[in-house]
Amino acid sequence: MSDPLQQPVTAIKGIGAERALDLASLDIHTIQDLLEHFPYRYEDYRVRSLSEAEDGEKITIVGTVYGEPVVRFYGKSKSRLTVKVVVDRVVVTAIWFNRHFLKQQLRAGREIMLSGKFEQARLQITVSEHHFLDTNKKTPQQGSIQPVYSTTANLQVKQIRRWIEEALKEYGGAIEEILPENLMRKYKLVPRADAIRNIHFPESVAAGKQGRRRLAFEELFLFQLKLQAYHAMNRRASDGVAQQIPIEQVREFIRGLPFPLTGAQKRVVKEILEDMQAEYSMNRLLQGDVGSGKTIVAAIALYATVAAGFQGALMVPTEILAEQHYATLKELLVPHRIEIALLSGSATVRQRRDILAGLQSGLIHIVIGTHALIQEDVYFRNLGLVITDEQHRFGVEQRRVLREKGLHPDVLFMTATPIPRTLAITAFGDMDVSTIDELPAGRKPVETYWVKHDMLDRILAFMQKELDTGRQAYVISPLIEESEKLDLQNAMDVHAQLSHYFAGKYNVGLMHGRLPAKEKDDVMQRFSRGEVHVLVSTTVVEVGVNVPNASLMVIYDAERFGLAQLHQLRGRVGRGAEQSYCILIADPKSEVGKERMRIMTETNDGFEVARRDLELRGPGDFFGTKQSGLPEFKVADVVQDYRMLEVARQEAAEIVGLPVFWVGPEYAPLRRYLKRDDYFLEKIKD
Ligand SMILES: Nc1ncnc2c1ncn2[C@@H]1O[C@H](COP(=O)(O)OP(=O)(O)OP(=O)(O)O)[C@@H](O)[C@H]1O
């Protein structure tokens, strides 16, 4: 049985070879693709009375032309045409730009429908569309809500509208239901055909909403089905290494740590070790708030892999972090006769050669470095575990590289960007997620203050007081996004100012991205040892730096940073038992900007910050659109529909686990639909 919806778009009246090419550039090839090209918004052409119209709003009105049209030309080809129109016994001025040729048609007494932006005070409308109502030529949009589609330069929205209308008329009956019946009933979803009809041309506002809801659910459900199926396959494919971890020995190691683990740390260690012992390769995200103690969890996992006879690698985004983790891990692991190496960009040729040889022979158990670690000519004897800090920089590509080297290590991603649970399961639905949601005992929340720029003197006095008690401070210098050069200049200015202020008493260090690795390292070391008291820095200190004696964080131009970033920066203090402070210097102009400062002063909990940020801005912004890794949905909205996402995930997980999903006749339409996706094409046999 061939599916009429799989015919090429040229089956639609009015679409020839050329138009088909234009549509192809929108990734529309078949009739089904066309029907699933959903509008991204609607234009409301329902006629309204003037009294309902708000100033500046786009409205549609009907009136009678009255008096003579007036055309004024200016410039070479620019013109402005005005005419009076009587609407509800009120005289309104209608304006067209560059449409002087309409003058002849605008005869007094003609009835006309106008859509455009309305200005209340002047009673005028800037017309974007008009129709004469005495021509008998009925326009499709007259008096209704019309869909607006994304399009290309060559195609008008109107054309797409017409074709979709045609497609619905001819082929609407062939739209098959793909969702299982029990889900339809359980969540009161309207049939697929109705939903598609109503998302394009809503019969009513309510029907439009119902359609949207159903399609959003379908979209999230299909997306989750794919992730879950992938996840299930991955787990079933026993290509991982089942590590024989000597658990008692690991316990002994944990007992020997300088502090007891928090409950949350214990829980995630257990989850990680279970994955490592299993046949499948671990693919797990470890998320925890700033300072929640992820490093120690990483150390335990690395210890375990070595104890099981494997090698481990820890990848971090910057050299500074590599150094820092190297120092921490060395202290913890070297007493246990574990060989650990730092593969850094500043290593000499000879050092590098030695390390590479050590990794190949297995003499070196653990290696730390940036991502070059797995991409270059680095060979391991038997790599069992890869831990990578900041998950978004390590993805599918690197995993492929590892596999091509014949390695199937367990992989643990760590991130200090707390991700609300819903988003985590969206973006990382093919991963297991472990969360450290508890800070080590005795931590005091960082007291956060929001001040204006004119309070600098008081801030300096406060800083002096903190330094006098033996603490250290970070100062994040003013940010000018457009120019790295100016940022640097700012950092240097602040550095000079503070050096002058604290001259003879305290050392002020300067840190920025342009410093050579060696100098960065040097400043950081001196700050770490307490020789530098104040560290002026651009945002390079953002991730992961750990100097527990620092108790004050001052951030200039705080309104220019994202909330996630501010929380990260604040997380550099409050890492010891002392009371710490964060001072945000900001004069935000917008309400949202002010709200963001308030959020920072109100909560210390990264998950709460993330949740409120998400509400304020939407997920794209939160992660930075490019890096988000979040899928773009056509209908669904991860923030607005987050409950639905959770439900869709559960249902998808359940179905994927059923053998009948892959063979049962009741799932045949769903399988047919899924087969459009390359991933499922191989998996689904019928
Ligand atoms: N269970 C614990 N009890 C007491 N202190 C702990 C515990 N776990 C970790 N710490 C200490 O807390 C500090 C922060 O830990 P760590 O550097 O691992 O945090 P993190 O989760 O990596 O945070 P960030 O992402 O901000 O770098 C370190 O000084 C560490 O020694």
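Just above, that's the structure.
Below: a short report on this structure.

What counts, and at which threshold
- Residues numbered from 1 in each chain as written.
- Predicted model: local features only at pLDDT ≥ 70, side-chain atom pairs only at ≥ 80, totals over all residues.
- Helix = DSSP H or I, 4+ residues; strand = E, 2+ residues; numbered from the N terminus.
- Buried ≥ 20, exposed ≤ 12 C-beta atoms within 10 Å, placed from the backbone.
- Contact = placed C-beta atoms within 7 Å.
- Axes fitted to C-alpha atoms, helices over the stretch in contact; angles between N-to-C directions.
- Left-handed = near helix turned anticlockwise from the far one by under 90°.
- Nonpolar A, V, L, I, M, F, W, Y, C, P; charged D, E, K, R; others polar.
- Parallel < 35°, antiparallel > 145°, perpendicular 65-115°, else oblique.
- Pairing = 2+ DSSP bridges.
- Near = placed C-beta within 6 Å.
- Domains from an automatic or database assignment.

What to know about the overall build of the chain
Okay, step 1: For the chain, the helix and strand inventory stands at 25 helices and 20 strands.
Okay, step 2: Taken across its 686 residues, the chain has 39% of its residues classed as buried.
Okay, step 3: Here the analysis covers contacts within the chain between residues at least 6 apart in sequence; of these, 70% occur between residues at least 24 apart.

Some points on the packing of helix H7 (residues 247–255) against helix H9 (residues 294–307)
Okay, step 1: Put simply, H7 and H9 touch, their axes get as near as 10 Å, and they point 145° apart. Here H7 runs over H9; the crossing is right-handed. Contact residues: H7 offers Gln249, Val250, Phe253 and Ile254, while H9 offers Ile300, Tyr303, Ala304 and Ala307.
Okay, step 2: Class assignment of the residues belonging to the contact of H7 with H9 gives a composition of seven nonpolar, one polar and no charged.

Quick word on the packing of helix H10 (residues 319–333) against helix H17 (residues 517–528)
Okay, step 1: Contact geometry of H10 with H17 gives a least axis separation of 10 Å together with a crossing angle of 50°. Between H10 and H17, the interaxial angle falls into the category oblique. As for the relative orientation of H10 and H17, their crossing is right-handed in sense. Contact residues: H10 offers Glu319, Ile320 and Glu323, while H17 offers Ala517, Lys520, Asp521 and Met524.
Okay, step 2: Partitioned by chemical class, the residues of the contact of H10 with H17 number three nonpolar, no polar and four charged.

As for the pairing of strand E4 (residues 90–97)
Okay, step 1: Two elements, strand E3 (residues 78–87) and E4, share eight bridges in a ladder whose sense is antiparallel. Looking at the pairing, Thr82 lines up with Ile95 of E4.
Okay, step 2: Between the antiparallel neighbours E3 and E4 lie two residues, among them Asp88 with a positive phi of about 50°.
Okay, step 3: Across three bridges, the pairing between E4 and strand E6 (residues 124–132) is parallel. Paired with Ala94 across the two strands is Ile125, which belongs to E6.

A word on the sheet that holds strand E12 (residues 383–389)
Okay, step 1: Read from one edge of the open sheet, seven strands run E10-E11-E9-E12-E13-E8-E14, paired in parallel fashion. Across the chains shown, the open sheet's two edge strands, defined by having one partner strand only, are strand E10 (340–343) and strand E14 (432–436). Recorded for the sheet is a direction-independent mean angle of 20° between the axes of neighbouring strands.
Okay, step 2: Of the strand pairs in this sheet, E12 and strand E13 (residues 410–415) are connected by five bridges, and their pairing is parallel. For Ile387, the partnering residue across the bridge sits in E13 and is Leu412.

So, unusual backbone geometry
Okay, step 1: Phi is positive for Arg89, which is not a glycine, with a value near 65°.
Okay, step 2: Positionally, Arg89 belongs in the loop between E3 and E4.

Observations regarding the site of the ligand
Okay, step 1: Residues in contact with the ligand amount to 19 residues; listed here are only the nearest, Gly293, Lys294, Thr295, Ala416 and Pro440.
Okay, step 2: With three residues, the top contributor of residues to the shell around the ligand is H9.
Okay, step 3: Taken together, the residues of the shell around the ligand sort by class into seven nonpolar, ten polar and two charged.
Okay, step 4: Here the shell around the ligand spans two domains, since at least three of its residues come from each of domain 2 (247–436) and domain 3 (447–603).

Side note on the sheet that holds E4
Okay, step 1: Strand order in the closed barrel made by the five strands is E2-E3-E4-E6-E5, with mixed pairing throughout. Averaged over all neighbouring strand pairs, the angle between strand axes comes to 50°, with direction disregarded.
Okay, step 2: Sheet topology note: the strand E2 (residues 58–74)/E3 ladder contains eight bridges and is antiparallel. Considered in E3, the bridge of Tyr74 is made with Lys78.

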